[in-house]
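Read off the chains here:
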Amino acid sequence: MEKKNMPVTREEALKVLSAMNQEDADMLHYLETEAVMRALAERFGEDADRWAMLGLLHDVDWAMTKKEQAGHCIRAVEILEGMGFDAEDIGIIQSHGYGCNEIPRLAEKERKEKIEFALAAAETVTGLIYAYALMREKSITGMEVSKLRKKYKDKRFAAGCSREIIGEIEKAGLSLDEFFETAINAISGIKDSIGLK
Ligand SMILES: [Fe+2]
């Protein structure tokens with residue numbers, strides 16, 4: 001596997017994010033997405049540092065676009081270019097907005113690459129897992145795949161988390177259960193830094 005040099009360190013990426021007046025819950029979402037992307041890369045034998053970095057920064061423009069979502073994943077381009085990311089990595093980050101009706105410029109685009117399916121599924125499953133952990137008195141310890149799958153099937157639970165996008169993980173070559181297991185383990189690994197037990 002070829003490792004690609006990232007233009008910033010994790011600390012520098014975190015600095016960029018925290019300089020943007022983030023809401024705490026959003027920051028946790030970035031850290032969770034980072035952890036799930038790292039775990040997926042490890043599972044696939046891909047470049048874990050790169051997948052983690054793209055997960056951490058996937059919503060780099062969110063603080064400035066949450067009120068005008070048509071610009072989400074669009075304003076990111078300039079920010080990421082300024083940080084030194086190349087077009088390939090910027091494209092991967094941008095692809096998590098593909099198919100999103102709130103972003104007219106990306107609504108007709110479709111994800112094609114394994115890392116794109118992984119990123120979209122990873123950033124979406126974090127919401128499902130976090131919501132379920134909150135129900136379990138803020139605990140992720142001992143969270144079972146089968147019970148998370150039930151929450152996934154209950155469309156009213158965490159209704160904002162697109163089941164369709166989570167399901168895209170199958171296009172990356174993982175079953176849903178394998179994905180849930182990987183994501184639960186990944187988020188458990190950072191539970192202390194995201195306020196879970
Ligand atoms: Fe996100």
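What counts, and at which threshold
For every chain, the first residue of the written sequence is number 1, and numbering continues from 1 onward in sequence order. In view of the model being predicted, local features appear only for residues whose pLDDT reaches at least 70, and side-chain atom pairs are presented and counted only at 80 or more, with totals across whole chains, interfaces and linings using the full set of residues. Here a helix means four or more residues in a row that DSSP labels H or I, a strand means two or more in a row labelled E, and each is numbered from the N terminus. Two residues qualify as a contact pair if the distance between their C-beta atoms, derived from the backbone, is within 7 Å. What we call a nonpolar core is a set of buried Ala, Val, Leu, Ile, Met, Phe, Trp, Tyr and Cys residues whose membership is set by joining through C-beta atoms within 7 Å. Any residue with 12 or fewer other C-beta atoms within 10 Å of its own C-beta is exposed, any with 20 or more is buried, and the rest are partly exposed; the C-beta atoms used are placed from the backbone. Every angle, taken between N-to-C directions, lies between 0 and 180 degrees, and every axis is a line fitted to C-alpha atoms, over only the stretch in contact when it is a helix. When an angle is under 35 degrees it counts as roughly parallel; over 145 it counts as roughly antiparallel; between 65 and 115 it counts as roughly perpendicular; any other value is oblique. Under the convention adopted here, Pro, Cys and the residues Ala, Val, Leu, Ile, Met, Phe, Trp and Tyr are nonpolar, Asp, Glu, Lys and Arg are charged, and Gly plus all remaining residues are polar.

Asks: Looking at this structure, how should I read the overall build of the protein?
Replies: For the protein, the helix and strand inventory stands at ten helices and zero strands. From first element to last, N terminus to C terminus, the protein shows the α and β order α-α-α-α-α-α-α-α-α-α. A principal-axis box enclosing the C-alpha atoms of the protein has dimensions of 40 × 35 × 35 Å. When contacts within the protein are restricted to residue pairs at least 6 apart in sequence, those whose partners lie at least 24 apart make up 65%.

Asks: Can you help me understand the nonpolar core in this one?
Replies: Counting residues in each nonpolar core, the largest one holds 55 residues, and the members touching the most others are V36, M37, A118, A121, V125, I129 and A183. Beyond its immediate stretch of four places on either side in the chain, A118 contacts M37, L40, I169 and A172.

Asks: Before we go on, may I ask you to explain the packing of helix α7 (residues 114–135) against helix α10 (residues 176–188) in this structure?
Replies: What describes two packed helices is the angle between their axes and the distance between those same axes. Contact geometry of α7 with α10 gives a least axis separation of 11 Å together with a crossing angle of 70°. Viewed along their axes, α7 and α10 adopt a mutual orientation that is roughly perpendicular. Contacts between α7 and α10 involve A121, V125 and I129 on the former and, on the latter, F179, A183, I184 and I187. For the contact of α7 with α10, a count of residues per class yields seven nonpolar, no polar and no charged.

Asks: Sorry, what's going on with the environment of K147 here?
Replies: Tracing the backbone through its elements, the reader meets K147 in helix α8 (residues 145–153). Counting along the chain gives 43 residues from K147 to P104, while the straight-line C-alpha distance between them is 36 Å.

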